[in-house]
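As a plain string of letters, each chain reads:
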Amino acid sequence: MIKFILNRLMTLAGLLFLLSVITFWVNVRIYDIDLHGQLLPEYGKYMRNLLCLNLGTSDISGRPVMDLIRDTLPSTAGLLFSSLMISLIIGISCGSTAALTIDRTTSTVLTDISIFAASVPVFLIAVFLIIAVSLNITAIPSSDELSYFYEVPRITAIRLIDILLTDSGRKSEMLYNCLLHLVLPAATISVLPAAELTRITRNSLRNVMRQHYMQAAMSRGWSVFYIVIFHGLRNALPEIFIRLPVLINLYFTAVVTAEFVFNWPGTGNLLIAAAQDRDRPVIMGIFLFTASVLLTLNSVLSLLARFTRPVTAEQAR
Amino acid sequence: MPLLDLKNLSISRGEGERNRIIDNVSLTIDQGDIRALIGVSGAGMSLIMTAIVGIRRRGLTYSAERYRIDGTDVQKLSPARRRRFIGRKIFIIFQDPRMNLDPAMTIRRQFREILSLRNFHDRWYRYPGWKSRRMENLLIRVGISNYRKVLRSKPGELTDIECRKINIALALAYEPELLIADEPLSAMSVSSESQILSLLDSVNKNEHLTMLIGTNDLAPIAKLAGSVSLLYAGQIVETGKTQAVLSSPKHPYTRRLIRSMNEMGGELDHDEMFSELGGIFPSWPELPIGCRFGPRCPMAERVCLRTPPAVKLPQGHVWKCHFSAPSDSE
Amino acid sequence: MTSGTIRHWASCLWGTFRGRPLFLTGLIGLICYIIIIAAGTLFMGLDPYRQNISEYFVPPSLSFSFETGFNRFIMGTDDLGRDIFARVVFGARNTLFAAVFAAAAAAAVGIAAGFAAAISGNPVLNILRRTMLFLAATPSVLIAVLMTAIVDPSLRHVAEAVALSLLPGFISSSYRIAADELRKKYVIALRTDGAGKMYITRIILRNTAYLFAGMTARAFSTAIIDIASICFLGLGAHHATPELGLMISEGMAFIYRGNYWCIIFPGIAIVSAVLIVNIVGSALKTAIRKGVFENASS
């Protein structure tokens, strides 16, 4: 058990090291830095900068990259969190329904919808939502986080929480406005992961429901809801955890695209803007930051998957 | 009044007699009795047993003329009430010992689940910690002495025989009126087999638990079971008290079975016996009409294409054959 | 290879497609798609770059007369007067070719590497595939962004980025499949009988081919989506290049004027391509599985 954790940690460390090497090499290439055979000292300097969280300064705005990230990250976090909740709830409940009503049309319909939704790229979903919703219901906005009318002091930089913390008289107005702005981006991001989750949960839960202990539990006349959640989903979770990294991939692309389309002031938007402007330090900085976060997340998920998986008889002997 | 009164249960895959996988099976089990349901693996035992507890398979039609548990007509209840009613009265244990238990839960939690949900709060042992005491006592009862370690473990970490004993302990915790066990002795060594057998026997005698045990080997069950029902290809061919059936079997299939068993010195080898008989074991979709043992029966005649009538002796010895008193020199 | 084997495969393929109406629809869709793209790019003399400044934002019209052929602009024109049908056809070709390249490259390298790691048991390869487990979730967008820092954006670089993002998934999946197969009893029997590594590789490949077919098809459809997404974000092809994602990005500004056709047609092209690839890929997977595992006489 401990060996496993150490193993994963070491692999993570190795990969992060590899990441720094790659970015170092890319920097050397871009700026045509002449090393004069001073590879190691240069690399040492680079690593020291990294560890002090100094990612350079933007070519365009002149501000340190880390500050830019710090400014934009909370907005992304807020968006990410809301869409995570939505897609988890929709995905797991739809998947469970599809698994349980396997004979009726609901199951086929749900499965087909999820397959279709998984074939549509995020930007198309965003565009489609804008057309369908924003242009018809003008109340729901299609860009930015908050209307220009409102001034909200930055405390936590998460708009919703900041609004709750101010003591302005128009708090409820601002809150409502902020939530409205959240609708489209969060909906866009949630679609693909929800579809994938539906498919994964459905398959996993179906396999579990076929097991004898599920039949035995059902025969005892207990509430179906209870059985499905406490026995069914609990055993279906390990399989779901194993497939979660794919979801992270989807999430990243979705967040970046949605921020771009809806002009949401988050890190993804920053990244794309920097890429379009060829602001190299910002690109490299955000790349490094995001890649390390993704790698760490992957390690955590694989640890979770390992721990929630019940010990099989083979492993115990 | 019998505990389980099931008359003419039929499970079909379509219309007509040939599609009836289980053909008019009747089981009447008295309180405190142990009924052994003997049949080869393909004969439909599991199907019958799961049907009794209400587990249905997709694409199959279920019908029964009468299905009463403890006097209550189960078919008249609403589906929700039926599920709860059957669930409270019957506890089923499947063939694979580990598969009966939730692999993600420790044994302690599985006990807690049964003890909490079964609603024992109206009984006298409601004091703090009664659940732990009860589960420890039950584990000791079934012969598991290292109960602390077992309670802490998950099913994957335990051996087969430990799991089988745990299943019986869980059944005891559940306090059902009828225990249904699907091949509880499959793939076990002789010593393990006798452990489980004596355990089942003592449970039946002390806790007065009625049992329906499905098996394909009559010999080990013969001492345990009070009565037997023999199942062939979805039809029950003979039912009666163990002593009566063993000493004077009436149906040709039973006679063959008992004869093989005695020849083999107490062991039953279905394959050997069937190869002697010739023919193949009928399975869907090629089910014979009328008496399904007909194609292989040495006494078969044209009349066997019609469903044979039930012949009854006093003391509940029943069999289905057109030739009611075959000569004993078979 | 006897002709009987070819007939066997042909009948398996055809049987699978005939078996489910969904598969048949997918096959027909695939054929139509290919015909449209081939005809459009090679025969019909369409020019996706030609601008007719006077005829911008012409809505789509489907009038047809035998003398002049299609009365221009089946799908309308965009803001510079370019024929959208031409752009969609050429754009689909670009996107699809790029996606094929990305998926094929990633599949070839990934499957080979994963298999080699599993069969040879080489410790270096082992470390490699362990790390791949981590990278299984590399978003292609991230790699594409990194590339823009280094080189000028182009469709080829986008394809390379997508290929790189698909690679770890292939390596770890193929390793897992090969390792599972190696543990099966028939392979162990072969090894104890003294079969050589190449022979075992061939056998395992034959038995798991259908799984790889499914993986590659899914990678192909993911590649289509990724390439379109990256170009949508402006990180890919050059401005005027016809590319489906790019067209939608450019067309977004026009929806406020009520000109939906600039984005609807590229959108339909993308979604239909992905669906067709998924359906036909699933059908191929079933067909290959049947072909390998079912009797030649059936």
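Residues numbered from 1 in each chain as written. Chains lettered and ligands numbered in written order. Predicted model: local features only at pLDDT ≥ 70, side-chain atom pairs only at ≥ 80, totals over all residues.

### Concerning the overall build of chain C
For chain C, the helix and strand inventory stands at 10 helices and 2 strands. Each helix (α) and strand (β) of chain C, taken in turn from the N terminus, gives the series α-α-β-β-α-α-α-α-α-α-α-α. Counting over 298 residues, chain C shows a buried share of 48%. (Helix = DSSP H or I, 4+ residues; strand = E, 2+ residues; numbered from the N terminus. Buried ≥ 20, exposed ≤ 12 C-beta atoms within 10 Å, placed from the backbone.)

### Re the packing of helix α3 (residues 107-117) of chain B against helix α6 (residues 160-174) of chain B
Residue and element names in this part refer to chain B. Running from amino to carboxyl end, α3 crosses α6 at an angle of 25 degrees, the nearest separation of the two axes being 9 Å. Our classification of the angle between α3 and α6 gives roughly parallel. When you trace α3 past α6, the crossing you get is right-handed. Between α3 and α6, the contacting residues are Ile107, Gln110, Phe111, Ile114 and Leu115 on the first element and Ile166, Leu170, Ala173 and Tyr174 on the second. Residue composition of the contact of α3 with α6, grouped by class: 8 nonpolar, 1 polar and no charged. (Axes fitted to C-alpha atoms, helices over the stretch in contact; angles between N-to-C directions. Parallel < 35°, antiparallel > 145°, perpendicular 65-115°, else oblique. Left-handed = near helix turned anticlockwise from the far one by under 90°. Contact = placed C-beta atoms within 7 Å. Nonpolar A, V, L, I, M, F, W, Y, C, P; charged D, E, K, R; others polar.)

### Re unusual backbone geometry
All names here are of chain B. For Glu175, which is not glycine, the phi dihedral falls at a positive 55 degrees. Mapping Glu175 onto the fold places it in the loop between α6 and β7 (178-182). In this structure, His208 takes a positive phi of about 55 degrees despite not being glycine. For His208, the position within the fold is in the loop between α7 (190-206) and β8 (210-215).

### A word on the confidence of the model for chain C
All names here are of chain C. Across chain C, the average pLDDT comes to 80, with 85% of residues at 70 or higher. Contacts of residues 65-69 to residues separated by more than four positions or lying in other chains number 1 contact, the stretch itself having pLDDT below 50. Both scores are available for the predicted complex, with the pTM at 0.78 and the ipTM at 0.81. (pLDDT = per-residue confidence, 0-100.)

### Brief notes about the interface of chain B and chain A
Contacts between the two partners involve 23 residues from chain B and, on the opposite side, 19 residues from chain A. When residues of the side of chain B that touches chain A are assigned to their parent elements, the largest contribution, 5 residues, is made by helix α2 (residues 79-89) of chain B.

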